[in-house]
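# Chain and residue survey
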Amino acid sequence: VEAFVQAHPDDPEGPVFRGEIERSRGRHADAVKWFDRAAALPGLEPDTYISSMVDCLLELDRSEEAIDRLGEVVDADPSAVDMTIRLARLEAEQDRYESAIERLEFLQQYRPGDPAVRKAINELDDVMKVIDRSTLIAVLLFMSACGGSSKEEPAATVDATTSSI
């Protein structure tokens, strides 16, 4: 592989292949460097490497960078269904629900009836229901705590209630 990369310095396939090798060896930081090198070369379609690069960035606990990198690709082609869905999921995992919803709504308009889009929307709806329920519980606990007769009583109520959630 290294010989190919050296012999064909303008061919992005060599660095992509090298990145995949580094990824398979668990050398995620090295893999990202190779994917970056490939991305800098003209003629490379992002779907050739972006999924692997995002996987590596997530393994390195660099989720914000993973979202940014995938976001650049999706912004260039928002109709790329799989990448847009993955980005929406990553955004939701980082509590960027509004952006995730906007992306999935765009896909739904672009690809009405697409089962993958519908599934992603349903998953996000389920997450939002849990969040809404958690928010409601927190508000109710706060209101209960404010109405207590002593400072110790509300804390005990909150502790007892949250331990069963």
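Right above here is the structure, for reference.
Here is a short report on the structure shown in this document.

Definitions and cut-offs
Residues numbered from 1 in each chain as written. Predicted model: local features only at pLDDT ≥ 70, side-chain atom pairs only at ≥ 80, totals over all residues. Heavy atoms only, no water. Axes fitted to C-alpha atoms, helices over the stretch in contact; angles between N-to-C directions. Helix = DSSP H or I, 4+ residues; strand = E, 2+ residues; numbered from the N terminus. Parallel < 35°, antiparallel > 145°, perpendicular 65-115°, else oblique. Left-handed = near helix turned anticlockwise from the far one by under 90°. Contact = heavy atoms within 4.5 Å. Salt bridge = Lys/Arg side-chain N within 4 Å of Asp/Glu carboxyl O. Buried < 20%, exposed > 50% of the residue type's maximum accessible area, 1.4 Å probe, protein only. Nonpolar A, V, L, I, M, F, W, Y, C, P; charged D, E, K, R; others polar. Expected span 1.5 Å × (residues − 1). Phe/Tyr/Trp six-rings, centres within 6.5 Å; stacked < 30°, edge-to-face > 60°.

## What to know about the packing of helix α6 (residues 81-93) against helix α7 (residues 97-110)
Orientation of α6 relative to α7, taken along the N-to-C sense of each, is 160°, at an axis distance of 8 Å. Judged by the inter-axis angle, α6 sits roughly antiparallel to α7. For the pair α6 and α7, the crossing hand works out as left-handed. Contacts between α6 and α7 involve V81, T84, I85, L87, A88, E91 and A92 from the former and Y97, S99, A100, R103, L104 and L107 from the latter.

## Structural notes on the pattern of salt bridges
Summed over all chains, the structure comprises 13 salt bridges. Among the ionic pairs, R23 bridges to D55, the shortest N-O distance being 2.8 Å. Residue R23 is located in helix α2 (residues 13-24), and its partner D55 is located in helix α4 (residues 50-59); the two are separated by 32 residues in the primary sequence. For D55, a relative accessible area of 23% gives the class partly exposed. In this structure, the salt-bridge partner of R103 is E91, at a minimum N-O distance of 3.0 Å. Of this pair, R103 sits in helix α7 while E91 sits in helix α6, placing them 12 residues apart in sequence.

## Focus: the packing of α2 against helix α3 (residues 28-39)
Here α2 crosses α3 at 170°, and the two axes come no closer than 8 Å. What the angle tells us is that α2 and α3 run roughly antiparallel. Contacts between α2 and α3 involve P15, V16, R18, G19, E20, E22 and R23 from the former and H28, D30, A31, W34, F35, R37 and A38 from the latter. In terms of residue class, the contact of α2 with α3 is built from 6 nonpolar, 2 polar and 6 charged.

## A short note on α6
With 13 residues, α6 extends 18 Å from end C-alpha to end C-alpha; this agrees with the ideal 18 Å at 1.5 Å per step. Of the residues flanking the end of α6, it is D95, one or two places downstream, whose phi is positive at about 65°.

## Comments concerning the packing of aromatic side chains
Applying the stated rule across the entire model yields 1 aromatic pair. Between the aromatic rings of F106 and Y110, the centroid separation amounts to 6.0 Å while the plane-to-plane angle is 10°, which identifies the pairing as stacked. A residue pair is termed a helical-turn pair when its members lie 3 or 4 positions apart in one helix, as F106 and Y110 do in helix α7 at 4 residues.

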